[in-house]
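Listed here are the chains, written in short residue letters.
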2 protein chains.
Amino acid sequence: MTATRTHEDMPWMRELAGQLRVDSIRCSTAAGSGHPTSSLSAADLMAVLLTRHLRYDWSQPEHPGNDHLIFSKGHASPLLYAMFKAAGVLSDHELVNGFRRFGSRLQGHPTPVLPWVDVATGSLGQGLPYGVGIALAGAKLDHLPYHVWVLCGDSEMAEGSIWEALDKAGFYGLGNLTAIVDVNRLGQRGPTEWEWQMEVYRRRVEAFGCRALVIDGHDLDQIDQAFVTARDADVPTVVLAHTVKGKGVPEIEDRNGWHGRPLPADLAERSVAALGGPRALRVTPPPVPAHPTAVQEATPISWPRYEQGSRVATRMAYGDALAALGARPEVVALDAEVSNSTGAARFAQAHPEKFFEMFIAEQQLIAAAVGLAARGYVAFASTFAAFLSRAYDFLRMAGISRANIKLCGSHAGAEIGPDGPSQMALEDLAALQAVHGSTVLYPADAVATTHLVAAMADSPGLCYLRTTRGAYPVLYNTDEPFPIGGSKTLRTSDADTVALLGAGVTVHECLAAAETLAADGITARVIDLYSVKPPDADTIGRAVRDTGGRLVVVEDHYPQGGLGAAVLASLADTGLPLHLAHLAVADLPGSGTPAELLDAAGISAPHIVTAARRLLTT
Amino acid sequence: MTATRTHEDMPWMRELAGQLRVDSIRCSTAAGSGHPTSSLSAADLMAVLLTRHLRYDWSQPEHPGNDHLIFSKGHASPLLYAMFKAAGVLSDHELVNGFRRFGSRLQGHPTPVLPWVDVATGSLGQGLPYGVGIALAGAKLDHLPYHVWVLCGDSEMAEGSIWEALDKAGFYGLGNLTAIVDVNRLGQRGPTEWEWQMEVYRRRVEAFGCRALVIDGHDLDQIDQAFVTARDADVPTVVLAHTVKGKGVPEIEDRNGWHGRPLPADLAERSVAALGGPRALRVTPPPVPAHPTAVQEATPISWPRYEQGSRVATRMAYGDALAALGARPEVVALDAEVSNSTGAARFAQAHPEKFFEMFIAEQQLIAAAVGLAARGYVAFASTFAAFLSRAYDFLRMAGISRANIKLCGSHAGAEIGPDGPSQMALEDLAALQAVHGSTVLYPADAVATTHLVAAMADSPGLCYLRTTRGAYPVLYNTDEPFPIGGSKTLRTSDADTVALLGAGVTVHECLAAAETLAADGITARVIDLYSVKPPDADTIGRAVRDTGGRLVVVEDHYPQGGLGAAVLASLADTGLPLHLAHLAVADLPGSGTPAELLDAAGISAPHIVTAARRLLTT
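Everything numeric in this text was worked out from a predicted model, so none of it was measured.

A. Geometry of the overall build of chain A. Along its length, chain A carries 22 helices and 19 strands. Here chain A has a C-alpha radius of gyration of 27 Å; the compact-globule value for 618 residues is 25 Å, and the two agree. If you line up chain A on its principal axes, its C-alpha atoms span 90 × 50 × 40 Å. Scored against the burial criterion, the 618 residues of chain A give a buried share of 69%. Total accessible area on chain A is roughly 18,300 Å²; 51% of this is exposed by carbon and sulfur atoms.

Put into C-alpha cells, the structure is as follows:
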C-alpha cells in the first residue's frame, strides 16, 4: 500500500504539523483560554489529512464534490482553525487575534458561522453521528465520491451516540466514512476510561461492523497509509490513533491537569521557538474529482384532500402530506422504527430510495437529519414525540448549527390512552420551544397538517410538528391557508365574553365546550393556535381586549412551557388585565381511554365549560 | 453445571410458562390493547427466572436482600403482571380486569405505582442503565448479595444507552447484573436491525466487557443453566436468548404485523385452550439469604461558611456543600467526567467510596442516579447544565418514576464566556421545569447554594440546581433560610415604582441596575427568585401590586419556558395589569468574556436600567 500522491513529502508534512502545533499554542495563549493540548495530540493526523487526503476546494466551500471534515472533538478548535490558515482561507492575524474573542467567528467550539464547518460541535459524541448523515447522503443520494472524515476524541467514545453512529455506519455499509480517534489517554479531569487500551477500542469498533486500524498517531507514514486504506474501504473505517496529549511540548506531554488550559506566555514562547517558530506553509489540496451533475426534476405535488367532518388522525395526514411532498427531489425522510405509527411509512412506500430507517436510535435519527441538511436535503425525521426527548442535546445543537431539519412527533399528550405516561409527550412543547430558532406547530386536523408540512419544507431552520394519535373530524376546507405565525378563529361574534384557546386535540374540546356554553347563552370565541411558536400575538391580544381578559387556554401538555406559556409571553407587556384559566395536565396520567384521560387531566370540554363559567362569575 | 435448586421441576416450569402465556393473552385481549406477542417470546425465560432464580420475598417488596427485576422492554407488561399473579401478589381478577384500565395500577407500561417495580420503563433502552445503578448500589454500597435481572428487547439494543450501560457494567465489574435479551427478531414495524444474528450481539457484548451466553430462549434447561452461570459470574452477563415472537400461538409465531396488537377474541380463546387454559400455579420463590444489617451512623454535618462580599462561584459552593452533606451515609454522588468543573470533585475527595465516575455518558449518569435512588440513596448527579439535555428522556422518565434524584447543572447561560454556545445551558430551565414533579433552583450566591443543597436532600423527587461558572460576591448571611418556594427581597421600600426580578447571575445585574436607578431617584425593588419552580407567587404578586405592574424579569436563558415563564404563570389568573419587560437571551451567543456576552444578550445592568426606565415612562 502506498500513498495516493506525493506532492508534499514527509519532511514537508512534518513542518506543517509543527506549524499546526505552533498556531494552536499561539491562538489559545493569546485568547487566554482554549484547548491546546487536545490540539497538539492530533496535529500529525491532521497535517497528513490536510496535505494528502482531504479533497477540498478551499475557494468553494459549497462545492458538492468536496470531502467533509468534522471535528467531533470540537474543543480542538485551535487545530481546526490552524488548518484553515494552512489552507489559505484564514489569515494569521485573524487566527491569533480572533480566537474566542467577542464578535469573532472563531468561537471556542466550531459552528457553521464558518463556511468550512458543516455542523456545530462541542457537545461530545455528536460529530460522528452527523458524519453518518453526510455519508448517507453521499452514498445513497448524491452518489458522489466525497469522503467524510471525523476527528473524534477518546473520551467521547463513552457516549452511546458514538455506538449508534458506528452501528448505523456499519449497517448502511458507509465506506465513505472514516472516524479518526485521537486516543490521547487523558480526559478533562484525568485518565479516560480505557486509556491506551487500543485493543478494547479495536474489539468494539470491529464488533460494530467497522474496520479498525490501530496506528501510532505521531508516525506520519502510518497515518498516511491508514488514510489511503480508509478511503478505499467498502466498510466504514475507524483509525485508532495512539497519541500523546500535549505532543510537542515535552513539559506537559501526557500530563494531567492541562485540559482546557492555554500555555502560560513564557511556556508558550519557549514551545513555539522549540517547534521552529511561526511559519506560513500553505497546503496545495488534493483536487476534487470532477463529478456528474445529476439534477433531478421535481414532479408536481398532488396534495391529499380531506372532506370536512371525516375523521382522520393528524399523524396519518402527516404521512400522506410527506409522501406527496416527496415529489420534490430534495425532500427525504427518516424514522426510528415506528413509521407505521408516525405515518412516515407512507413516505417510505412512495419513495423507498430516500427513506432511511434508523431503528430505535433517536440520537442518530436527529443527527442523520442534520447531516442530510448539511448536504442541502430537507430531511423530515419522525418518531413518537415523547422519544424526541432522547435526542434533546442533538436538537439543542441543531439550533446552534441553525440546521434546516423538520421533525414530527406523534402520539402527543395524554390523548394516546392505554399505553400510559411513558409514551405520552407532555413536555415536548416546552423543550422544542426552547431550542434556538425553532418553529413549533400543532395542527388540529388533517387539512392543517397538510398545509403545515408544506410550510415546514420552505421555512428555514428547525421546525417541529406535533401530531395526535386518534382520528378527529376534519375542521377546515382543503384550501384554507395556514401560515406559520397564524391562527384560526373557529367561532366568534361581537358578543364574545370569553375566549377558548387550544391547539391540536384540545381544539375539538374547545369547540364542544363552546356548543355547551352557547346553549346557556354564553358566546365563546374559539381559537385554534396551531402555530405555537411563533404565536399569533395579534389574535390573542384582540381576544383579551374583546373578552375583558377572559381566556381559557387548554393544552394536552404539562403546565410548564407549553401553549399557556406561549400565550402568556405574547401578552406580557400589553398592560391588559388578564383572568386566564390555564387547563393543562397537572397530575401524572396513567392508562385509560383517550376520553377518560383527557377528562381526568381536566382538559376535556366539561372542564373548559366550568372554567369559562368561573371566569364569567368572578 | 447444575441448577441451584430443584424445588420445581422442568414439567412444572413448563406449566408455569404456559400460564404466563395464557395470562398475557387473556389480559391484553380483555383490555383491547397491549403487547401479547412480545410477552409470549419471553415467557419461558421468565418462568425459569421466577421459579428458580429470582430470590424475592413477595410479601416484603422493600426487603433489602431482594433480587431486582426490571423489564427494560416495558411493553411486555402482560408478562410481568402475569408473573406477579404467579408470585401470589396479584389476583387473577385484577390482572384480567385491571390491565390498561383507567385508574388501575396495571398500566400499559410498568411504573413504581406497583410495589414490585423499581423504575418506570416503556422508553426503550432505559431499563438496563437503571439496572446498572442498582447493581452499583449492591456491589459498592449495600454489599448485599442481591442480583439484578433485566429483561431487554432486541430492538432496544440499537439505543446507545444500552452500550453506555454495558460499558459501565464492565468497567465496574458488576457480576451482580444479568441482562436477558429476548431476541425475537421482530420490532414494531418489521425485522430488527440484526434479526437472529446472535453472533453480532455476542461480539458486541463481549467487546464491551461482559460475558455473553447465547441460548435457545425456549429451552428451559438451557435457560436454567445460563441463569446459574450468570449469578455466579464476576463480570456482568448478557444472556442472548434466541426466541420466537408470539411463541405458543402458532398462527402468529414469527409473523410481522402483530406487535402491540392483542389477539382477537376468537384467536385468544383458541390459543388459551391450546395452551391448557387458565390455571393458578403459584411459585414458591427461592429464599432471600439472610444478610447483615450494616447501619452506618451519620456524623454531624459541618456546613461551609462564607463571608458576605467575598467572591465564590456557586458551582464550587455546590461542591463544598455536597462534600459536607456526605456526612449523611445515604448521600452519594456521580459526575460525567467534569467533576473538577462542577465542583463534585470536592465530594469525590472527601468520600471516594461513594462517588461514581460515569465518564462522558450522561444517560448512564442519570440512570445510575435513578437506580441508586431505587435502593434508597440520595444521589446527586452533576455535569454541565447543557449536557443534562443529553439525558432528557431519562429525566422525563425519572419524573414518571417519581425518582428521588438530585441534579446539578453547572456553567449555565451565556455567562460562561469564551467556550461558546455549545457549552451554554440556555434551555435547561424550560426542560427541567417541564419534568413532572420537578423542583428547579438557581442560587445567586454561595450561601444560597449551601442551603439549597441541604434542602434538595430532604425534598422528595427530582430536584435541579443550576450553578454559575464565575465567582460573584456572597450576598447573604450564612444563617439566612432559603426554603424551596421562597425568594429573597434584596432591596425594597414603600416607594418602589418598579421591581427587578432575577435569579442566579442576573441577581447581581439587578442589584447593580438598582444602584444606578437609585442615583436617578428611582427606587427599584430587587427580588432574587432562587426558587424557579415552585416560584414565590405571593412575593411576585405583591411586587406587581406595589409597582403598578412594572416588572423587569431578567434571565440568562432563552426567552422560552424559563424564569419569565414561571413569573407569568404565577400571575395568569390575578387580573392584575402587567407591564413586564422580559430580558432574556434572544439571539445565539458566540464567544467573548462573560461581561461582553451578558451585555450582548441584553441582560446586563445597563439593559435592566433602560428597561426599567422605559416602563416608567410609558
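So, next bit.
B. Up close: the pairing of strand β4 (residues 211-216) of chain A. Residue and element names in this part refer to chain A. Alignment of β4 against strand β5 (residues 237-242), held across six bridges, turns out to be parallel. If you follow Ile-215 over to β5, its bridge partner there is Ala-241. For the crossover from β4 across helix α9 (residues 220-231) to β5, the handedness is right-handed.

C. How the structure looks around the pattern of salt bridges. All names here are of chain A. Per the counting criterion, the structure on display carries 70 salt bridges over all chains. Between Lys-73 and Asp-182 there is a salt bridge whose closest N-O contact spans 2.6 Å. Of the two residues, Lys-73 is situated in the loop between β1 (68-71) and α4 (77-86) and Asp-182 in strand β3 (residues 177-183); the sequence distance between them amounts to 109 residues. An identical accessibility class is assigned to Lys-73 and Asp-182; each is buried.

D. Quick peek at the sheet that holds strand β18 (residues 550-554) of chain B. Residue and element names in this part refer to chain B. Taken together, the five strands give an open sheet; going across it, the order is β14-β16-β15-β18-β19, and neighbouring strands pair in mixed fashion. Two strands in the sheet have a free side with no partner beyond their single neighbour: β14 (488-491) and β19 (579-583). Each neighbouring strand pair of the sheet contributes to a mean axis angle of 25°, computed without reference to strand direction. Bridge analysis of strand β15 (residues 498-502) against strand β16 (residues 524-528) gives five bridges, and the strand direction is parallel. By the bridge assignment for β16, Val-498 is matched with Ala-524. Contacts from helix α18 (residues 505-519) reach β14, β15, β16 and β18 within the one sheet, and its direction differs from that of β15 by about 160°.

E. Region of interest: the UniProt feature "domain: Transketolase-like pyrimidine-binding" (unreviewed entry) in chain A. UniProt annotation of "domain: Transketolase-like pyrimidine-binding" (unreviewed entry) refers to residues 312-474 of chain A when read in the numbering used here. The annotated region residues 312-474 of chain A carries 39% helix and 20% strand content, and the separation between its end C-alpha atoms amounts to 7 Å.

F. Expanded view of the domain arrangement of chain A. Residue and element names in this part refer to chain A. Per the domain assignment, the segments making up chain A are domain 1 (10-275), domain 2 (310-474) and domain 3 (488-617). Domain 1 and domain 2 are separated by 32 Å when their C-alpha centres are compared. Between domain 1 and domain 2, roughly 2,200 Å² of surface is buried when both sides are summed, and carbon and sulfur atoms account for 64% of that area. One salt bridge connects Asp-142 with Arg-375, and the closest N-O pair in it is separated by 2.8 Å. Between the two partners, domain 1 and domain 2, sit eleven residue pairs in polar contact (both at pLDDT 80 or more). At the level of secondary structure, the elements contributing two or more residues to the side of domain 1 that touches domain 2 comprise α6 (127-142) and α7 (160-171). When its residues are assigned to classes, the side of domain 1 that touches domain 2 shows 16 nonpolar, nine polar and five charged.

G. Structural context of the relation of the copies chain B and chain A. Of the transformation placing chain B onto chain A, the axial shift is 0.0 Å and the rotation is 180°, giving an RMSD of 0.0 Å. Here the symmetry operator amounts to a two-fold rotation axis. Comparing interface residues between copies, 100% of those in chain B also sit at the interface in chain A, which points to an isologous, same-surface contact.

H. Here's a closer look at the interface of chain B and chain A. Contacts between chain B and chain A engage 99 residues on the former and 99 residues on the latter. For the pair chain B and chain A, the summed buried area comes to about 7,900 Å², and 54% of that belongs to carbon and sulfur atoms. Applying the counting rule to chain B against chain A returns 14 salt bridges. Among the ionic pairs, Asp-393 of chain A bridges to Arg-390 of chain B, the shortest N-O distance being 2.9 Å. Where chain B meets chain A, there are 54 residue pairs in polar contact (both at pLDDT 80 or more). In the side of chain B that touches chain A, the residues fall into 39 nonpolar, 37 polar and 23 charged.

How each quantity is defined
- Residues numbered from 1 in each chain as written.
- Chains lettered and ligands numbered in written order.
- Predicted model: local features only at pLDDT ≥ 70, side-chain atom pairs only at ≥ 80, totals over all residues.
- Heavy atoms only, no water.
- Helix = DSSP H or I, 4+ residues; strand = E, 2+ residues; numbered from the N terminus.
- Rg over C-alpha atoms; globule rule 2.2 N^0.38 Å.
- Buried < 20%, exposed > 50% of the residue type's maximum accessible area, 1.4 Å probe, protein only.
- Areas by Shrake-Rupley, 256 points an atom, 1.4 Å probe, with all protein chains shown as cover.
- Pairing = 2+ DSSP bridges.
- Right-handed = clockwise from strand over helix to strand, strands pointing away.
- Salt bridge = Lys/Arg side-chain N within 4 Å of Asp/Glu carboxyl O.
- Axes fitted to C-alpha atoms, helices over the stretch in contact; angles between N-to-C directions.
- Contact = heavy atoms within 4.5 Å.
- UniProt positions renumbered as here; feature names shortened; annotations may be inferred.
- Domains from an automatic or database assignment.
- Buried area = accessible area lost by both parts, 1.4 Å probe.
- Polar contact = N/O pair within 3.5 Å; in protein donor to acceptor, adjacent residues only side chain to side chain.
- Nonpolar A, V, L, I, M, F, W, Y, C, P; charged D, E, K, R; others polar.
- Least-squares fit on C-alpha atoms with pLDDT ≥ 70 in both.

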